[in-house]
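Architecture at a glance
For reference, the chains in residue letters:
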Number of protein chains: 2
Amino acid sequence: MEIKIMKNILDRNQNKADEVRSILASKKVIMVNMISSPGAGKTTLLERTCEELAGRFRIGVIEGDITTDRDAQRLKKYNIPIVVINTEGGCHLDSHSISKVLGLFDLDNLDLLFVENVGNLVCPSQFDLGETFKLALVSTPEGDDKPAKYPMLFREAKAVLLNKIDLMHYTNFNYDNFISDLNKINSQVVLFEISCTRGDGLKNWYNWISDQNLKPNFISNRL
Amino acid sequence: MEIKIMKNILDRNQNKADEVRSILASKKVIMVNMISSPGAGKTTLLERTCEELAGRFRIGVIEGDITTDRDAQRLKKYNIPIVVINTEGGCHLDSHSISKVLGLFDLDNLDLLFVENVGNLVCPSQFDLGETFKLALVSTPEGDDKPAKYPMLFREAKAVLLNKIDLMHYTNFNYDNFISDLNKINSQVVLFEISCTRGDGLKNWYNWISDQNLKPNFISNRL
């Protein structure tokens, strides 16, 4: 019985996700679904990314949070459109909540829409939001076994960001095990090794995410 | 409609949890529901706790994992009864899965039953397993904002373990903010500041968990 309920929920989610994806494609907006454990560094990555790219691309953010707007507060200074979705206990965003807030953005004047999902390695992986692609963030203090133990996200992600590499040598994180497990699950994935606080490896990330943009000439268009 | 489904699921879970709790009480077994983000240190805490206490108390472990038995493998050397529940994608344990495996333990000869829930700060907090109490683990690299952002767990936990305090000064973890948020949510909670890898603060934890035991004289009984 619960399996049937889950199938209904996922089917309805999928239909709405397809709708969202088609709207975004028609507007040439890239939507990035960011998924990680709590505290892996999603908001700090957004801070760094806005600092570097907000002048070159038109960035928007959807903040999925259970109860506060703390992450959105941290991003306010970048003067970008931000919408907070409080799930009130819910463990993930779904395509219906994204669909409801999409109209709050001026999609004709948006290039990249980052969705910071609820901090959770499990449930957000199961719900398509209509995103262009998923991004998996994982940090070295969490341990090297996350791809093996939470394979679904790592299988579906287009890119993996291994954050807090500056802390790696203070922990027992085994880099070779991490890479080997990740390759078994997803040999196509793009990997960035970064430290959002110290800046390591972020240049490669900025270049890669810039290359995903579908409206590269907007700045000259606006001039 | 989804709210009604969720209510039904939670009601059925609660009935079974009450049943589990009553069995455990009659056998004087303490069941500890351990909840944290992925990689906060639940398994390492169990390793340390088994090393210190497995000679003094009869310990059992239920390992909740999505897909592997890696955590159980790490505990094998302590020669204690361990049961793995693979949730196959499920984001939390529930009382029905606990009820099904409870009979695999010799409850008359068990003092402490640790349940390592699926690594997830959100969903496991919503499902009563019939535990004696919940334990919240959080680690300093995750950031000081976890109690404010994931209040349900911290509200329900009898004790909070702040792990990886040896990494605190390499991060921007703000201790005062953490304590202030935690006190607002749960002023009664017992807090342990520990490093499972370096050993800091573990003595207080061993003493406290030993004091929870309901069958303190088992060793002299067995002699």
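Residue positions are given per chain, counting from 1 as you read along its sequence in written order. Chains and ligands are labelled sequentially in the order written, the chains with letters from A and the ligands with numbers from 1. With the structure being a predicted model, the display of local features is reserved for residues of pLDDT at least 70 and the display and counting of side-chain atom pairs for 80 or more, all residues being used for whole-chain, interface and lining totals. Side-chain metrics in this entry use all non-hydrogen atoms of the structure; hydrogen atoms and water are not considered.

1. Regarding the pairing of strand β5 (residues 133-139) of chain A
Residues and elements named next belong to chain A.
- With a 1.4 Å probe rolled over the protein chains alone, any residue whose accessible area is under 20% of its type maximum counts as buried; one over 50% counts as exposed, and the rest are partly exposed. Where helices and strands are cited, they refer to DSSP runs of H or I of at least four residues and of E of at least two residues respectively, numbered from the N terminus. Burial within β5 is extensive, with seven of its seven residues counted as buried.
- Neither face of β5 is left uncovered, since the one carrying Phe133, Leu135, Leu137 and Ser139 and the one carrying Lys134, Ala136 and Val138 both have all their residues buried.
- Two strands pair if DSSP finds at least two bridges between them. Here strand β1 (residues 30-35) runs beside β5; their pairing, made up of four bridges, is parallel. Each bridged residue has a counterpart across the sheet, and for Met34 the counterpart in β5 is Leu135.

2. As for the interface of chain B and chain A
- We call two residues contacting when some pair of their heavy atoms lies within 4.5 Å. On the side of chain A, 36 residues touch chain B, which itself brings 36 residues to the contact.
- Together chain B and chain A conceal approximately 3,000 Å² of surface at their shared face, both sides included; 58% is due to carbon and sulfur atoms.
- Joining two parts hides part of their accessible area as seen by a 1.4 Å probe, and the buried area is that hidden amount summed over both. The largest contributions to the chain B side of the interface with chain A come from B:Pro38, B:Arg70 and B:Lys149, which together make up 19% of the buried area.
- Residue B:Asp181 pairs with A:Arg70 through a salt bridge whose shortest N-O separation is 3.3 Å.
- We call two N or O atoms a polar contact when they sit within 3.5 Å, provided that within protein one can donate a hydrogen and the other can accept it, with sequence-adjacent residues counted only if both atoms are side-chain atoms. Across the contact surface, chain B and chain A share eleven residue pairs in polar contact (both at pLDDT 80 or more). Whenever a carboxyl oxygen of Asp or Glu lies within 4 Å of a side-chain nitrogen of Lys or Arg, that contact is scored as a salt bridge.

3. As for the packing of helix α2 (residues 42-53) of chain A against helix α8 (residues 202-212) of chain A
Residues and elements named next belong to chain A.
- Fitting a line to C-alpha atoms yields each axis, with helices limited to the stretch in contact; the angle taken between N-to-C directions then spans 0 to 180 degrees. Two elements in contact, α2 and α8, have axes separated by 11 Å at closest approach and are oriented at 70°. Comparing the axis directions of α2 and α8 gives the class roughly perpendicular. In this structure, α2 crosses over α8, and the sense of that crossing is right-handed. On α8, the residues that touch Leu45, Arg48, Thr49, Glu52 and Leu53 of α2 are Leu202, Trp205, Tyr206, Ile209 and Ser210. An angle below 35 degrees is treated as roughly parallel, one above 145 as roughly antiparallel, one from 65 to 115 as roughly perpendicular, and anything else as oblique. Left-handed describes a crossing whose near helix is turned anticlockwise from the far helix by less than a right angle; the clockwise case is right-handed.

4. Looking at the packing of aromatic side chains
Residues and elements named next belong to chain A.
- For Phe, Tyr and Trp, rings pair up if their centres lie within 6.5 Å, where Trp contributes its six-membered ring, and each pair is then called stacked (planes under 30 degrees apart), edge-to-face (over 60) or tilted (otherwise). Per the counting criterion, the structure on display carries eleven aromatic pairs over all chains.
- Seen from their ring centres, Phe173 and Phe178 are 5.4 Å apart, and the 45° between their planes marks the pair as tilted.
- Given the relative accessible area of 8%, Phe173 is considered buried.
- Looking at Phe178, the relative accessible area reads 0%, which means it is buried.
- Every member of this aromatic cluster is reached through a ring pair, and the members are Phe133, Phe192, Trp205 and Trp208.

5. A few points about the sheet that holds strand β2 (residues 59-65) of chain B
Residue and element names in this part refer to chain B.
- An order of β3-β2-β4-β1-β5-β6-β7 is seen for the seven strands of this open sheet, with the pairing classed as parallel. Edge strands, defined here as strands with exactly one partner in the open sheet, are β3 (82-86) and β7 (190-193). If you compare each strand with its neighbour and ignore which way they point, the axes differ by 20° on average.
- Inspection of the sheet shows strand β1 (residues 30-35) paired to strand β4 (residues 112-116) by five bridges, in the parallel sense. Each bridged residue has a counterpart across the sheet, and for Met31 the counterpart in β4 is Leu113.

6. Regarding the pattern of salt bridges
- The tally for this structure, following the rule as stated, stands at 34 salt bridges over all chains.
- For the salt bridge of B:Asp145 with B:Lys146, the shortest nitrogen-to-oxygen distance reads 2.4 Å.
- Ionic contacts of the salt-bridge type, sharing partners, join the residues A:Asp18, A:Arg21 and A:Asp128 into one network.

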